[in-house]
Amino acid sequence: MAQFDTLDIVVLSVIFLATVAWFTKGKYWGITKDPYATSYAAANGNKPAKTRNIVEKMEESNKNCVVFYGSQTGTAEDYASRLAKEGKSRFGLETMVADLEDYDYENLDTLPEDKIAMFVLATYGEGEPTDNAVDFYEFITGEDVAFSEAVDPPLEKLKFVAFGLGNNTYEHYNSMVRNVTKALEKLGATRIGEAGEGDDGAGTMEEDFLAWKDPMWTALAEKMSLEEREAVYEPVFAITEREGLTKESPEVYLGEPNKMHLEGSAKGPFNAHNPYIAPIAESREIFTVKGRNCLHMEIDISGSNLSYQTGDHIAVWPTNAGKEVDRFLNITGLLSKRDSVISVKALDPTAKVPFPTPTTYDAIIRYHMEICAPVSRQFIATLAPFAPTEDAKAEMAKLGSDKDYFHERISNRYLNIAQALETISKEKWTAIPFSAFIEGVNKVQPRYYSISSSSLVQKQKISITAVVESLELPGRDALKGVTTNYLLALKQKQHGDEHPDPHGLTYEITGPRNKYDGVHVPVHVRHSNFKLPSDPSKPIIMVGPGTGVAPFRGFVQERAAQAKAGEEVGRTLLFFGCRKQKEDFLYSDEWNTYKEALGDKFSLITAFSREGAKKVYVQHRLQEHAKEVNELLLQKAYFYVCGDAANMAREVNTVLAKIMAEQRGIPEAKAEEIVKSMRSANQYQVRLSINYPPDDLHITMSYQRTASEPAFHNRSSSNMYTQPQTRTHRDSQGQSASFTPVNMSGSQNDSASMASLMNQFAGMALPGGNMASAAMASAQLPMGTSQYFYNPADNTYLVAPAMYPPQHLGATQHAENAYGSYAGATLPYFAQGAAYPSYIPGFPLMPYTPNRAASYYTDRSDQVHKEVPGLENRRGSYSTNESAPGTPYYGSVSQREQGTQIAVVDRSPFGSTPSPQQLPIQHADQQPVKPLPYKTIPVNIDLDALLVQHPAIPRAVPAVFTPRESMRTLDQSLSNPISGNRNVYIRGLHPNTDDETLAAYASRFGKVETSKAIIDTSTGACKGFGFAKYFHIRDSELCIRGFYKLGYEVGFARVCESFNSRLKAEGDESSTNLYISNLPKNMTESELGAIFMDYTVSSSRILRDPQTHMSRGVGFARFETRDVCEEIIKKFHGQPIGEEGLLLQVRYADTSAQKDLKRITTERRQFRTNEYNVGAYGTAADIAALSPPALIPLGTRSTQLGRHIPSSRSSGSWKREHSGTR
């Protein structure tokens, strides 16, 4: 055998390595990188903790320009991002974009003079602020605005610019930016440049924005002494190719909207951040003409928690056509890399990645980028430096600077970004960094369609009526609607076409990883105020040509069902128009069926525009029926319009005023005022669509988004994609609770727990409830150790083995596979008794208020239905992450580790919130005891009749722990010490009250300016209270009288000093003791001191559990001076530490007074929460008093209730708090 010497081995090794290198070139090395695909280490740098102080945030991140946005669908947010980027690239400003909802405004007066604030504000509905701008708008336009410093005028240092997004088809055009500008100037702020106004109604939003911003920058540069520089592209996002991953890797997102969908465990609540993958139960064509398509689809929502009401919207999450995806990948040189896996990280701590990563280029372009939208002139100018040739660069520069030339070549043809690049140069545009596309191409938004069915008739199916859009334009292929062609492909698939290809477009209709297979579509429901009158006997007039008839099909369908059920139904008049009766007469076969049910109450008046010598439209038919229309309006008929915003709606509005003028013999100007008042009173409701390619033309909205935020400018950067970091949950304050623990050891009867519970209630009487003794309760109810659940789906009880040890209320999050170890166990069912067909049994996890989340907790806010205004992160609710001390924990250290959370898995399938009719405890009416020193406004209204209007207001959830003599009288409730206050606080609302329900309750008393039900962010259940603000104080008083009559705690809301302000006032300005939390569990005192080795540590200690001696994750360190403490907080707060990368939390240690304030506030809030939960969900005694007795285990619930009662009735938490936070 031959022997190899050293030289042979070296030579062979070199040959081997060279061979390996040759075959791996281009795969593992020698790859042409995106020039801006830098390491994303910078993105993982120091992340400051969340703060609601914008000035503090700007100082932390070294910013001198903040761009606030108030946005409903993302367009205002996109414009804000563009302004921020341009300010940085052209003038060197350190900019940040800020959601108005994320910050407080009391400290705007401390914004230094060398900083600038910009406001980009869309107008919603009839002159209202967008959801995320409600708090800001109410604050800044309030009568008595209080800022942090006593300076007059308070905002004399503030410099601002403003741009508004509106629609001139609405009466209150751009009122948001106008009112905010006026308010800021009134408070002393200095406006720079003109306040810009974009008009979506005229289709000039983009050009209005561009025309405004250039002179604005000139004025700003002059005012702030800014020097313009050559604009240089600076990426906001870092792109990194993940060579170790492929598209088959399970952690790679291929279009899934969030982690639950990626892992195949998607569950509700389903909303604008979490779609439901709904099966399409039925689809059919309802046009009878070749070459045009109109789809009717039935979406099955029975497998979800989705519900809808007649008149709501359904949102469809679209997918881009394969033809356009390939075009984009090809022109940008990414076709060969379409399946390469990349990570995207924000280089600026204030920026958000608009989709989840790691993912692929194909997935981003197919599912997340609005690549079919018309490209903007500003984006073309931004890409000019990356043109493949000098000629292309010159062309791009000309297009970016000459709006007429841009209109001629690009916008007049509605070219998207890829088509525009192809038109300018056939060369591949490989030099454009992919980060520029992420920043400049808007995120795909769901498309909203009017639901065309009645929830009364088909509760589990939602009907969609949609014309498939196809627009022939000169010089290009036909323009195709993104979503409607996607729906057409789904319809073709359902009808047997294995390879649907509508209009030459292909779609990935099976979705990422085939998760949409079986003809499914991702959807969610958005609630709307476009509703039938609550009284079905009220007459209605509807005008809906084309697919504008969609919501009115649902209206008529509902009225027909009501008539069949024997209800009195008012006159129902529908004006419908289309081209030809034999081609596009929508639902022509259904109207006669509804006519049979409604009889003379229903009339359908049609206008077929292409069947006569002269075109006839719905407004002409309206004029022909002027006499009846006027008579119905005199009977307070509701008037509805749905359809084209540009022409039809304007014409109908004009004709309506003309009808009134002619029929009533009044001047036309007076008639126009009447029409305006009808709109203000919601007697005249309009839902408009805007004919604006390339989006689907009949996306209809009942608010000003159609005009203020066009569908193709929807930039969304939701924090839903912020991947939760691996963190150990901790007690937010590290404080022990001041409550008496109750023995949790379970026995057959759990008598000790029951006795302890009853002792807490000694001497108290619960109205409507029999406080039975423990012995009686134990004798009546079997209390084994098994757990019982009620399954409302089939009216059965399920008994399962006790798979968890006895636990405290809501103290931990159950594992999702909790039942796994009991797969072989026998789980007998008990039949649901007729006596209690809907009773929800006792269960260890009731929805108590969760603990305040620290900055390292997973964001749960997207689990609440975000389409209801003001229910997720409003300062009025102390369940949000920013506004309250944490609820104390009650268990051992090991139990506290998980944080107080709601057990979603075990609460959702087996139980639900009881209905108001199931609450046995009622609240007695109170009579005035002593008069007030002034006279209230007299009321000569039948309150009883108002209270039973549909929907009838139920009796209040009782305040079961509050003695009757401590409850406020009616006169005390009507006391209004704040001049001009019209805001009413209402407590005792039922758990299933939402924003729409409260609005329906409140509107019967008068015209409501705003209303808000306070919702628990984790459970979606109402926390028992809410607010309603009226335009007139007499309506506020009537509201108080009405709710008071039903037992609610109600009165004028008080403006109280914030908890944080009171906490700050109790601080010690000379303290040098720092409180340090989020420490690793294995850290010692010496290691804690080593963190601050560059400073002199006077003393330090780590808090430990007295039994296990384990660290609680918190400690203290004392330093020499206050200045050193300030430096340490600034340097170390938010820094990652330890192997887990926990973010260090550093602040001044609480003083004794601060600790007392936190404890008392927590106890008071916990007392009110416990009182509400017992009143709403019942106590052990309620179960014990049932006859016949229910087979429900009482022990666990009684133990929990006992554990949540304060140890002493003399503590502050037992006293009725009339000056609490409202």
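About the criteria used
Residues numbered from 1 in each chain as written. Predicted model: local features only at pLDDT ≥ 70, side-chain atom pairs only at ≥ 80, totals over all residues. Heavy atoms only, no water. Helix = DSSP H or I, 4+ residues; strand = E, 2+ residues; numbered from the N terminus. Buried < 20%, exposed > 50% of the residue type's maximum accessible area, 1.4 Å probe, protein only. Contact = heavy atoms within 4.5 Å. Areas by Shrake-Rupley, 256 points an atom, 1.4 Å probe, with all protein chains shown as cover. Core = buried A, V, L, I, M, F, W, Y, C linked by side-chain atoms within 4.5 Å. Phe/Tyr/Trp six-rings, centres within 6.5 Å; stacked < 30°, edge-to-face > 60°. Patch = residues over 30% accessible without salt bridge, like charges linked within 9 Å, V, L, I, M, F, W, Y side chains within 5 Å. Salt bridge = Lys/Arg side-chain N within 4 Å of Asp/Glu carboxyl O. Lys, Arg positive; Asp, Glu negative; His and termini not counted. Charge placed at Lys NZ, Arg CZ, Asp CG, Glu CD. Axes fitted to C-alpha atoms, helices over the stretch in contact; angles between N-to-C directions. Left-handed = near helix turned anticlockwise from the far one by under 90°. Nonpolar A, V, L, I, M, F, W, Y, C, P; charged D, E, K, R; others polar. Parallel < 35°, antiparallel > 145°, perpendicular 65-115°, else oblique. Pairing = 2+ DSSP bridges.

Student: Kindly report on the overall build of the protein, identifying the contributing residues and their values.
Tutor: If you tally the helices and strands in the protein, you get 37 helices and 37 strands. Each of the 1222 residues in the protein was classed as buried or not, and the buried ones make up 56%. A separation threshold of at least 6 residues defines the contact pool for the protein, and within that pool the share at least 24 residues apart is 79%. For the protein, the accessible area works out to roughly 50,800 Å², and carbon and sulfur atoms hold 51% of it.

Student: Tell me about the environment of Ala381, and name the residues and values.
Tutor: In this fold, Ala381 is placed in helix 10 (residues 377-383). Placed 17 residues apart in sequence, Ala381 and Lys398 show a C-alpha to C-alpha distance of 8.3 Å.

Student: Explain the nonpolar core residue by residue, including any values.
Tutor: One recurring pattern in soluble globular proteins: nonpolar side chains tend to sit buried together. With 46 residues, the main nonpolar core has Phe328, Met369, Ile417, Trp429, Phe434 and Phe437 as its most contacted residues. Of all the elements, helix 13 (residues 417-424) adds the most residues to this core, at 5 residues. With residues near it in sequence (within four places) discarded, Phe437 still touches Phe328, Thr332, Met369, Phe379, Leu383, Ile417 and Ile432. Counting residues in each nonpolar core, the second largest holds 33 residues, with Ile277, Ala278, Ile451 and Val523 among its members.

Student: Describe the packing of aromatic side chains, and please don't skip the residues or the numbers.
Tutor: Following the criterion strictly, the structure yields 40 aromatic pairs and no others. Between the aromatic rings of Tyr486 and Tyr507, the centroid separation amounts to 5.7 Å while the plane-to-plane angle is 45°, which identifies the pairing as tilted. Placement of the pair is Tyr486 in helix 15 (residues 482-494) and Tyr507 in the loop between helix 15 and strand 18 (520-526), with a sequence separation of 21 residues. Comparing Tyr486 with Tyr507 shows no difference in burial state: the two are buried. Seen in terms of ring centroids, Phe585 and Phe608 are 5.5 Å apart; in terms of plane orientation they differ by 70°. Their pairing is edge-to-face. Taken together, the residues span a long stretch of sequence, with Phe585 in the loop between helix 17 (581-584) and helix 18 (591-598) and Phe608 in strand 21 (residues 602-608) at a distance of 23 residues. Per residue, the accessibility class of Phe585 equals that of Phe608, and both read buried. Grouped by ring-pair contacts, the aromatic residues Phe68, Tyr105, Phe119, Phe136, Phe139, Phe147 and Phe160 constitute a single cluster.

Student: Can you explain a positive patch on the surface? Please cite residues and give values.
Tutor: A grouping of Arg579, Lys580, Arg610 and Lys615 is seen on the molecular surface, where their side chains present a positively charged patch. Residue position: Lys580 is located in the loop between strand 20 (572-578) and helix 17.

Student: Summarise the packing of helix 3 (residues 75-91) against helix 6 (residues 205-224); cite the residues concerned and give the values.
Tutor: Remark: helix 3 packs on helix 6, axes separated minimally by 12 Å, with the N-to-C direction vectors making an angle of 40°. Here helix 3 and helix 6 pass one another in a crossing that is right-handed. Touching Tyr79, Arg82, Leu83, Glu86, Gly87, Arg90 and Phe91 of helix 3 are Met205, Glu206, Phe209, Leu210, Trp212, Lys213, Asp214, Met216, Trp217 and Ala221, all from helix 6. Classifying every residue of the contact of helix 3 with helix 6 gives 10 nonpolar, 1 polar and 6 charged.

Student: Go over unusual backbone geometry, please, and point to the residues and values.
Tutor: Cis geometry is adopted by the peptide bond preceding Pro358, which originates at Thr357 and carries an omega value of 5°. One can find Pro358 in the loop between strand 12 (341-346) and strand 13 (359-360). Omega for the bond connecting His950 with Pro951 falls within 30 degrees of zero, at -5°, which places this linkage in the cis form. Mapped onto the fold, Pro951 is located in the loop between helix 28 (943-947) and helix 29 (970-973). Within the chain, Asn62 stands out as a residue other than glycine whose phi angle is a positive 60°. Its place among the elements puts Asn62 in the loop between helix 2 (54-60) and strand 1 (65-70). Backbone geometry at Asn514 places phi at a positive 60°, although glycine is not the residue there. Tracing the backbone shows Asn514 in the loop between helix 15 and strand 18.

Student: Which residues make up the packing of helix 8 (residues 322-331) against helix 9 (residues 361-368), and what values go with them?
Tutor: Contact geometry of helix 8 with helix 9 gives a least axis separation of 10 Å together with a crossing angle of 130°. Between helix 8 and helix 9, the angle falls in the class oblique. Handedness of the crossing formed by helix 8 with helix 9: right-handed. Here helix 8 contributes Gly322, Val325, Phe328 and Leu329 to the contact with helix 9, which in turn contributes Tyr361, Asp362, Ile365 and Arg366. A class-by-class count of the residues in the contact of helix 8 with helix 9 yields 5 nonpolar, 1 polar and 2 charged.

Student: Can you lay out the pairing of strand 30 (residues 1022-1030) for me, pointing to particular residues and giving the numbers?
Tutor: In summary, the side chains of a regular strand alternate between the two faces of the sheet. Where burial is concerned, most of strand 30 is hidden: 8 out of the 9 residues are buried. Judged from the 6 bridges that link them, strand 29 (residues 1008-1015) and strand 30 form a sheet pairing that is antiparallel. Within strand 30, the position partnered with Lys1012 by the bridge is Phe1027.

All we've got here are geometric facts, nothing functional implied.
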